[in-house]
Amino acid sequence: MKQTQRHDAIVDLVRRQGYVSTEELVEHFEVSPQTIRRDLNDLADQNKIQRHHRGAALPSSSENTAWQARKMIWSAEKARIAERVASEIPDGATLFIDIGTTPEAVVHALLNHKNLRVVTNNINVATLLMSKPDFRLIIAGGEVRTRAGGIMDEATLDFISQFRLDFGIIGISSIDYGRFAAGVRLP
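Now for a description of the structure that goes with this document. (Residues numbered from 1 in each chain as written. Predicted model: local features only at pLDDT ≥ 70, side-chain atom pairs only at ≥ 80, totals over all residues. Heavy atoms only, no water.)

Here we look at the pattern of salt bridges
Where charged atoms from two side chains of opposite charge come close, those side chains can pair.
Here is step 1 of the chain: Taken as a whole and assessed by the stated rule, the structure comprises six salt bridges.
Here is step 2 of the chain: For R6, the salt bridge identified is with D39, shortest N-O distance 2.5 Å. Taken together, the residues R6 in helix α1 (residues 3-17) and D39 in helix α3 (residues 33-45) connect sequence positions 33 residues apart. One exposure class covers both R6 and D39, and it is buried.
Here is step 3 of the chain: The network of salt bridges with shared partners includes R54, E77 and R80. (Salt bridge = Lys/Arg side-chain N within 4 Å of Asp/Glu carboxyl O. Helix = DSSP H or I, 4+ residues; strand = E, 2+ residues; numbered from the N terminus. Buried < 20%, exposed > 50% of the residue type's maximum accessible area, 1.4 Å probe, protein only.)

Describing the pairing of strand β6 (residues 136-139)
The two faces of a sheet get side chains in turn, since along a regular strand they alternate between them.
Here is step 1 of the chain: Bridge count for strand β5 (residues 117-120) against β6 is four bridges, and the pairing is parallel. Paired with R117 across the bridge in β6 is R136.
Here is step 2 of the chain: Taking the sense of rotation as the criterion, the β-α-β connection linking β5, helix α7 (residues 123-129) and β6 turns out right-handed. (Pairing = 2+ DSSP bridges. Right-handed = clockwise from strand over helix to strand, strands pointing away.)

Concerning the sheet that holds strand β2 (residues 50-52)
Here is step 1 of the chain: Spatially, three strands are ordered β1-β3-β2 in an open sheet, and the strand pairing comes out antiparallel. Whereas interior strands pair on both sides, the edge strands pair on one side only; in this sheet they are β1 (19-21) and β2. Mean inter-strand twist for the sheet, computed between neighbouring axes without regard to direction, equals 20 degrees.
Here is step 2 of the chain: Inspection of the sheet shows β1 paired to strand β3 (residues 55-57) by three bridges, in the antiparallel sense. What sits directly across from S21, in β3, is G55.
Here is step 3 of the chain: Along the sheet, α1 contacts β1 and β3; its crossing angle with β1, the most-contacted strand, is approximately 125 degrees.
Here is step 4 of the chain: Relative to β1, helix α2 (residues 22-29) is tilted by about 75 degrees, and along the sheet it contacts β1, β2 and β3. (Axes fitted to C-alpha atoms, helices over the stretch in contact; angles between N-to-C directions. Contact = heavy atoms within 4.5 Å.)

What about the packing of α1 against α2?
Here is step 1 of the chain: Close contact between α1 and α2 brings their axes to 12 Å; oriented N to C, the two are set at 130 degrees. Of the possible angle classes, the one that applies to α1 and α2 is oblique. With respect to the hand of their crossing, α1 and α2 are arranged in right-handed fashion. Contacts between α1 and α2 pair R6, A9, I10, L13 and Q17 from the former with E24, L25, H28 and F29 from the latter.
Here is step 2 of the chain: Of the residues that constitute the contact of α1 with α2, the class distribution is five nonpolar, two polar and two charged. (Parallel < 35°, antiparallel > 145°, perpendicular 65-115°, else oblique. Left-handed = near helix turned anticlockwise from the far one by under 90°. Nonpolar A, V, L, I, M, F, W, Y, C, P; charged D, E, K, R; others polar.)

Quick word on a nonpolar patch on the surface
Here is step 1 of the chain: Taken together, the side chains of I123, I139 and V144 define a hydrophobic patch exposed on the protein surface, amounting to about 210 Å² of accessible area.
Here is step 2 of the chain: You can call I123 partly exposed: its relative accessible area is 31%. (Patch = residues over 30% accessible without salt bridge, like charges linked within 9 Å, V, L, I, M, F, W, Y side chains within 5 Å. Areas by Shrake-Rupley, 256 points an atom, 1.4 Å probe, with all protein chains shown as cover.)

Side note on the sheet that holds β6
Here is step 1 of the chain: The parallel open sheet is built from four strands, whose spatial order is β6-β5-β4-β9. At either end of the open sheet lies a strand with only one pairing partner, and these are β6 and β9 (167-169). Shown here is a sheet whose adjacent strand axes are inclined to one another by a mean of 20 degrees, direction ignored.
Here is step 2 of the chain: Where strand β4 (residues 94-97) lies against β9, three bridges are found, and the strand directions are parallel. Its bridge partner being in β9, I97 is matched across the sheet by I169.
Here is step 3 of the chain: Against the sheet, helix α6 (residues 101-110) engages β4 and β9, with an angle of about 145 degrees to β4.

Rendered as structure tokens:
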């Protein structure tokens, strides 16, 4: 397969899946990891994909990436963050868990805890924690943001503000690594 055909196929895979790992591309195209890395760098330079340490995703835009794609991007790193965060939360704590794929990863890491009281505005979090009979689960009401599973409006904020919490697990949308690494202050 010619390089231009492979580039088009890579972009197509990223569009369809939201994220594609380097290993998956190596297997799919039966080429070396170095070839795929060069391809991804070329495509990133053309702003056709966004290069990640272990793969590629759609370029950043003002719109959110689909929840399922965000869940896969940096999943190993999210799992490590989640384990570290969960290790700091004692049994019996009261915490708020916000919307986002990293806070959802923290929920998985908290499943071995006991007697947590969890306040959330995240339907996915509530669904994951319903299986824990010793957890007290409190979910906010309000408008559901489709696909992300987040409940967010003014009533949600009012609801959450009435609780005294020991910990807050808050996600962020993203960090522009290039600007961050260059020491540029983000707005």
